[in-house]
Amino acid sequence: MKFSIGIPAYKTVFFQECIDSVLSQDFTDFELIIVDDNSPNDIESFVRKYDSDKIRYFRNEKNFGALHVVDNWNKCLSLAQGEFFVLLGDDDRMRPNYLSEFARLINKYPDCGVYHCRSVIINENSEPVSLTETRPEFESVYDAILQRIMGNRHFFISDYVYRTSTLKSNGGFYKLPLAWASDDISSYIGSMQNGIAHTNEPVFEYRLNTHSISSNGSLYNKLAAIKGEEEWLNTFLQKEPQHAVDVILRENIKNQMKVFIQKKKIQTICDSNANNLISLVKWRLKDTAKHLSFQEFCYALILSLKEKRKYQYAS
């Protein structure tokens, strides 16, 4: 079997669209694995609507929840029988040529452990609103990391296809709270040996909606994930690159790292306090772990003021 598509399912609001998009693929050598994370929604009733031998349905005895959602990602992976693995969000969609385009890319770059496509961003009405950036057809892991920390890249778990054996041999998807940066790091790990191949054909549709994990979750869990991402990057940068170009890129990454992490923490804290300055100050007083330096806190305060004024002006 060529592809395994895993859906860690919990929400049902766009779930039928998601399943329909998989079963409408013009490349048919695949299986669809649906792992119901003990959802209070009736996931199984949606699955029963389909008379397809491609679907394998499982229900977790206990809910992993948003904090440990990567565990459900890896549950999907553990069930995969295909040579390549896709993790699909339960509210996102594949375009009909998703699998065939990746099959073409895999044939062209047969040694890669990770492949990527351009994405269309859609809204809650399934209307396209924007496109993600173009990327070079092939690049090293150092190129990928540098472009990400410079703010030139969007990351969605479902616009990546992994060689199943590579992902499993690396322990599955890298676990961080709320899956924050888990998609980034998992792609970095998978592309360390043989780089990553991209197609600029936009065959994936990522849905912006208020139900996503990114829109929710504890501030402390998000900050813990940022710390975990920073620690992984610092460990990775201690390794000696094999190529002269990567030596230069590694130094560039090191030079950008501090600013990248600071900006991420400041923006996360600002967003989580919903432009409420009093809430932000209270959070700082309770921040016994000192997630932010005083300087970073001041930046967060200034950013909150700017966002509040922008909101007041728009109203």
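Residues numbered from 1 in each chain as written. Predicted model: local features only at pLDDT ≥ 70, side-chain atom pairs only at ≥ 80, totals over all residues. Heavy atoms only, no water.

**Some details on the pairing of strand S2 (residues 30-36)**
Of all the seven residues making up S2, seven are buried; the element is thus mostly covered by neighbouring parts of the structure. Burial of S2 is two-sided: the residues Phe30, Leu32, Ile34 and Asp36 facing one way and the residues Glu31, Ile33 and Val35 facing the other way are all buried. Where strand S1 (residues 3-9) meets S2, seven bridges bridge the pair, whose relative direction is parallel. Residue pairing across strands places Pro8 opposite Val35, the latter belonging to S2. Tracing the backbone out of S1, into helix H1 (residues 15-23) and back to the parallel element S2 gives a crossover that is right-handed. The pairing of S2 with strand S3 (residues 55-59) spans five bridges and is parallel. Bridged to Ile34 within S3 is Tyr57. (Buried < 20%, exposed > 50% of the residue type's maximum accessible area, 1.4 Å probe, protein only. Helix = DSSP H or I, 4+ residues; strand = E, 2+ residues; numbered from the N terminus. Pairing = 2+ DSSP bridges. Right-handed = clockwise from strand over helix to strand, strands pointing away.)

**Considering helix H7 (residues 182-190)**
Note: α-helices contain 3.6 residues per turn, so residues at a spacing of three or four share the same orientation. Here H7 lies mainly inside the structure; nine of its nine residues are buried. Three or more residues of H7 are buried, namely Ser182, Asp183, Asp184, Ile185, Ser186, Ser187, Tyr188, Ile189 and Gly190. The inward-facing, buried residues of H7 contact helix H3 (69-78), strand S6 (114-122), helix H5 (141-149), strand S9 (160-163), helix H6 (164-169) and helix H8 (219-237). (Contact = heavy atoms within 4.5 Å.)

**Details of the pattern of salt bridges**
Following the criterion strictly, the structure yields 20 salt bridges and no others. The shortest N-O distance in the salt bridge between Glu137 and Lys108 comes to 2.9 Å. Here Glu137 is found in the loop between strand S7 (128-131) and strand S8 (138-139), whereas its partner Lys108 is found in helix H4 (residues 98-108), with 29 residues between them in sequence. Overall, Lys108 belongs to the partly exposed group, its relative accessible area being 46%. Across the pair Arg153 and Glu139 runs a salt bridge whose closest N-O atoms are separated by 2.9 Å. Residue Arg153 is located in the loop between H5 and S9, and its partner Glu139 is located in strand S8; the two are separated by 14 residues in the primary sequence. (Salt bridge = Lys/Arg side-chain N within 4 Å of Asp/Glu carboxyl O.)

**A short note on the packing of H5 against H8**
Where H5 meets H8, the closest approach of the two axes is 13 Å, and the angle between their N-to-C directions is 140 degrees. It follows that H5 is oblique to H8 by the angle criterion. Here H5 and H8 pass one another in a crossing that is left-handed. In this structure, H5 contributes Val141, Tyr142 and Ile145 to the contact, and H8 contributes Trp232, Leu233 and Phe236. Split by residue class, the contact of H5 with H8 holds six nonpolar, no polar and no charged. (Axes fitted to C-alpha atoms, helices over the stretch in contact; angles between N-to-C directions. Parallel < 35°, antiparallel > 145°, perpendicular 65-115°, else oblique. Left-handed = near helix turned anticlockwise from the far one by under 90°. Nonpolar A, V, L, I, M, F, W, Y, C, P; charged D, E, K, R; others polar.)

**Overview of the packing of aromatic side chains**
Applying the stated criterion across every chain yields a total of 16 aromatic pairs. In this structure an aromatic cluster arises from ring pairing among Trp73, Phe85, Tyr142, Phe155, Tyr160, Tyr162, Phe173, Tyr188, Trp232 and Phe236. Directly above the ring of Phe46 sits Lys49, whose terminal nitrogen or CZ lies 4.5 Å from the centroid. One Lys or Arg, Lys54, reaches over the ring of Phe30 and ends 4.6 Å from the middle of that ring. (Phe/Tyr/Trp six-rings, centres within 6.5 Å; stacked < 30°, edge-to-face > 60°. Lys NZ or Arg CZ within 6 Å of the ring centre and 35° of its normal.)

**Here we look at the layout of surface pockets**
Quantified by volume, the second largest pocket comes out at close to 360 Å³. What lines the second largest pocket is a set of 16 residues, among which Tyr142, Met192, Gln193, Gln242 and Asp246 lie closest to the centre. (1 Å grid on protein atoms, 1.4 Å probe; cavity = no way out; pocket = protein on both sides within 12 Å on 5 of 7 lines; lining within 4 Å. Points joined across faces, edges and corners; volume = space filled by probe spheres on them.)

**Remarks on the side chain of Thr268**
Considering the arrangement of structural elements, one finds Thr268 in helix H9 (residues 244-272). Excluding residues that lie within four positions of it along the chain, Thr268 makes contacts with Trp180, Leu219, Lys222 and Ile226.

**Regarding the environment of Phe30**
One can find Phe30 in strand S2. Spatially, the C-alpha atom of Phe30 lies 9.3 Å from that of Gln81, the residues being 51 residues apart in sequence. Here Phe30 is in contact with Met1, Phe3, Ile5, Val22, Leu23, Gln25, Lys54 and Leu99, once residues within four sequence places are set aside.

**Some words on the nonpolar core**
Within the largest apolar cluster, 46 residues are counted, with the highest numbers of intra-cluster contacts made by Trp73, Phe85, Ile145, Phe173, Tyr188, Trp232 and Ile253. Among the elements of the structure, S2, H3, strand S4 (84-87), H5, S9, H7, H8 and H9 are those that each provide at least two residues to this core. Per element, the largest residue contribution to this core is eight residues, and it comes from H8. Beyond its immediate chain neighbours, meaning those up to four positions away, Ile145 contacts Tyr188, Trp232, Leu233, Phe236 and Ile253. If you look at the next biggest cluster of nonpolar residues, it comprises 36 residues, including Cys18, Val47, Ile55 and Leu99. (Core = buried A, V, L, I, M, F, W, Y, C linked by side-chain atoms within 4.5 Å.)

**Details of the pairing of S4**
Side-chain alternation along S4 places Phe84 and Val86 on one buried face and Phe85 and Leu87 on a second face that is also buried. Judged from the four bridges that link them, S1 and S4 form a sheet pairing that is parallel. Across the sheet, the residue bridging to Phe3 is Phe84, located in S4. When S4 meets S9, the two strands line up antiparallel, connected through three bridges. Among the inter-strand pairings, Phe84 is bridged to a residue of S9, identified as Arg163.

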